[in-house]
Amino acid sequence: LLLLAAGILALDNGQGLTPPLGFSTWNRFGCDISEEIICKTADAIVNLGLKDAGYRYINIDDCWMADQRNERAEMVPDPVRFSNGIKTVSYTHLTLPTICSV
């Protein structure tokens, strides 16, 4: 088996140097999730230096959607928890500037 592993080649293109690093909201917040919590979580990742360590994602696992779907039967964000919509927190300052502030 070790002989097989020795023959594995990898591209030297700077990609995949670390696994995808991020934070899953479910284990910490469960259904107590909101736009404000996502922004505070992004702030904490930046302020703790985790962004510099490679953290890039916040996974909003569940409970982001409203109880009712739209007219096309699509899930829509809860208008109370995500009053600015889900797209406003889709790209926090871990990647692009949004409503969240550092």
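Here the structure is a predicted model, which means the values were calculated and not measured.

A.B. asks: Looking at this model, I keep getting lost on the environment of Leu21. Mind explaining?
C.D. replies: Position of Leu21 relative to the elements: it lies in strand E1 (residues 21-24). The sequence separation of Leu21 and Ala53 amounts to 32 residues, and the corresponding C-alpha distance is 8.8 Å. Discounting chain neighbours no more than four positions away, the residues touching Leu21 are Ala53, Gly54, Tyr55, Arg56 and Tyr57.

A.B. asks: I would appreciate a short explanation of the pattern of salt bridges in the present structure.
C.D. replies: When charged atoms on two side chains of opposite charge get close, those side chains can pair. Evaluated as defined, the whole model comprises 3 salt bridges. As a salt-bridge pair, Glu74 and Arg72 come within 2.9 Å of each other at their nearest N and O atoms. Exposure remark for Arg72: the relative accessible area of 56% places this residue in the exposed category. Through salt bridges that share partners, Glu71, Arg72 and Glu74 make up one connected network.

Analysis parameters
Residues numbered from 1 in each chain as written. Predicted model: local features only at pLDDT ≥ 70, side-chain atom pairs only at ≥ 80, totals over all residues. Heavy atoms only, no water. Helix = DSSP H or I, 4+ residues; strand = E, 2+ residues; numbered from the N terminus. Contact = heavy atoms within 4.5 Å. Salt bridge = Lys/Arg side-chain N within 4 Å of Asp/Glu carboxyl O. Buried < 20%, exposed > 50% of the residue type's maximum accessible area, 1.4 Å probe, protein only.

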